[in-house]
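# Descriptive analysis of the structure
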Amino acid sequence: MNKLLMTVCLIIMSGVSACAQPSISSQDKDFSRLLQAAKTDTEAAAILAEAQETFFRKNNYQGFIDLLASSGKNKKAVSSLAAYYTGAARYQQMKHLETTQNWDEYFSKGNDYRREIAENLEKSAKTFPAADPLNLSSRLILWQFHKDQQDAFHEQALNDLMAAAQSYSAGAKDLKPLKSVADKLLAYDERARAKELYKLYGAKIVSSDLSDEELQNTALSFYKQGTMELAQELYTVYADRISKSASRDKLKIELIDIAILFSYKSKGAYDLDYAEKIFARIEEIFGAGVFDEQLSYQRAVNAEKNNDFGRARDLYAAFTVSYPQSAHFEKASLKTGLIALYAGGDSKAAREIFTGLSNRPAVSPEVISGLYQLGLISQWQNESAAAKEYYAKLIESAKDGFNETVSLAQARQVEIEEARPLEFNIKTLLDVTLNSGDSRLPVNRVDIAAQPSTVSPGEDLTVTSTATPPESGCMAVELQYFWSGDTGKGVVSYQESTLATSYADPGTKFIGLVVTTPAGTVGRGIEFVDVI
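Here we summarise the structure given alongside this text. (Residues numbered from 1 in each chain as written. Predicted model: local features only at pLDDT ≥ 70, side-chain atom pairs only at ≥ 80, totals over all residues. Heavy atoms only, no water.)

With that out of the way, let us pick up the overall build of the protein chain. In terms of helices and strands, the protein chain carries 22 helices and seven strands. Relative to the globule expectation of 24 Å for 532 residues, the C-alpha radius of gyration of the protein chain, 30 Å, shows a markedly less compact shape. Taking all 532 residues of the protein chain together, the buried fraction comes to 49%. Entry remark: accessible area of the protein chain is about 24900 Å², with carbon and sulfur atoms responsible for 50%. (Helix = DSSP H or I, 4+ residues; strand = E, 2+ residues; numbered from the N terminus. Rg over C-alpha atoms; globule rule 2.2 N^0.38 Å. Buried < 20%, exposed > 50% of the residue type's maximum accessible area, 1.4 Å probe, protein only. Areas by Shrake-Rupley, 256 points an atom, 1.4 Å probe, with all protein chains shown as cover.)

Quick look at unusual backbone geometry now. In this chain, Gln451 is followed by Pro452 through a cis amide linkage whose omega measures -10°. Within the secondary structure layout, Pro452 lies in the loop between strand S1 (446-451) and strand S2 (454-455). The backbone of Gln101 shows a phi angle near 55°, a positive value even though the residue is not glycine. Along the chain, Gln101 turns up in the loop between helix H5 (76-100) and helix H6 (103-127). On the accessibility criterion, Gln101 (54% relative accessible area) is exposed.

Read across the open sheet, the four strands follow the order S2-S7-S6-S4; overall the sheet is mixed. Every interior strand has two partners, whereas the edge strands, S2 and strand S4 (480-485), have only one. Sheet topology places strand S6 (residues 507-517) next to strand S7 (residues 520-531); eleven bridges connect them, and they run antiparallel. Its bridge partner lying in S7, Phe510 is registered against Phe528. Most of the contacts of helix H17 (residues 329-342) go to S7, to which it runs at about 175°, and overall it touches S6 and S7. (Pairing = 2+ DSSP bridges. Contact = heavy atoms within 4.5 Å. Axes fitted to C-alpha atoms, helices over the stretch in contact; angles between N-to-C directions.)

What follows concerns the side chain of Ser465. Mapping Ser465 onto the fold places it in strand S3 (residues 461-467). Within the structure, the side chain of Ser465 is placed 2.7 Å from the backbone oxygen of Ser497, a separation counted as a polar contact. The contacts of Ser465, once residues within four sequence positions are left out, are Asp447, Ile448, Tyr481, Trp483, Ser497 and Leu513. (Polar contact = N/O pair within 3.5 Å; in protein donor to acceptor, adjacent residues only side chain to side chain.)

Here it is in structure tokens:
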């Protein structure tokens, strides 16, 4: 009956049927009669698995539990599975009541259902041996139940689940239930515990005498499935293997392929931390000179998208030195200057970079942006004459193009001519960035991210922010959001933590955000959007 129990387990653990879809006629089957007529426990268990799927599809959880009660008296297979099925059914029923907001039944019978879930799944976990998938599945659903309730038992339930997973892995041949538990832990944002099980699962795969090619293909399959943690575990083992056996040229090619696979991309899966880990390994083995133009630029982009701005600045700057003729040169230069200014608070270095850009012979989005930033720095430093010259040069160079940046420059010109202060949001960002005290505010208290961060002209995107306010006891903290930079068509109030926008002109767009409370500044965040 183990194969049938495995099917039962996978149905509940994945939330998706592991069986073939039953025919329409199965909706009308008399499962009670079929169970009574079953000649073997294996046949009865198979009928019960189909019945569970049919009743669950119709959200008829009570009907399924009644079937268990009536059939379990005479059938050993049903009796042995009754506790597990009852606990699982009540759990699914509670989730269904929440989803449909059937609060009458939820509150009138919820306590009885919760008791049934806990009692039956505890009984089931004790009934089935450690190597049986239903032991593991019982522990998983029991933990989900306590976690959903946020009650006092969820930590112990998690510890019990992890212990059950360890025990199961020691004796079981089929490790799919172990991966299912890891997937569910990840879905609940228990990343550290999920990684433990993925590592355990990966170790079992590695110990199964897979060839290097089979290991690589298995790792790639998990990457394509979106199981990034497990893919990383297997790719790490694969990299360790070929480091000992492959030729130097093959090792370099394989490691570069892995780094590219996990590198930032506008669409598709990536993991910036793991990509950098592989990049660092390549550099350690072969030296920094191993990276060509494209890889050097990709590594800098990874650091930028990972909000590792200090490293991104160094990598972009090194790129401009190594590849002055690159098509990415001006974009890398602009980002180096913007990071130096808004992440590092280094206006002197930023000026030098923007000045170099502004003197380029051909007009480009980066040249225009460099001139605008030079104007902003000068205006903030009360150098009005210099600021006016930069803005005028920008408008003259732009001719009939770069309308979005031209409009910003024209607005700054009006401020200077009318002796008005720099626009409040822009001034706030520069104040927080360049004033010696404020520039030391923890950058990690404000994180902003654009989705997508590479767009076409006119394509909509959304920039979301996450701010970590200071501790305030039991009082709710009121946050204010001051967006600035290249906000495009987006218009937001200081109460909005999200910017929805689009851009008409190509180029690298800089977005800045300062988050404050009535008591002071929480922090700042920066983001880049590439319009191509």
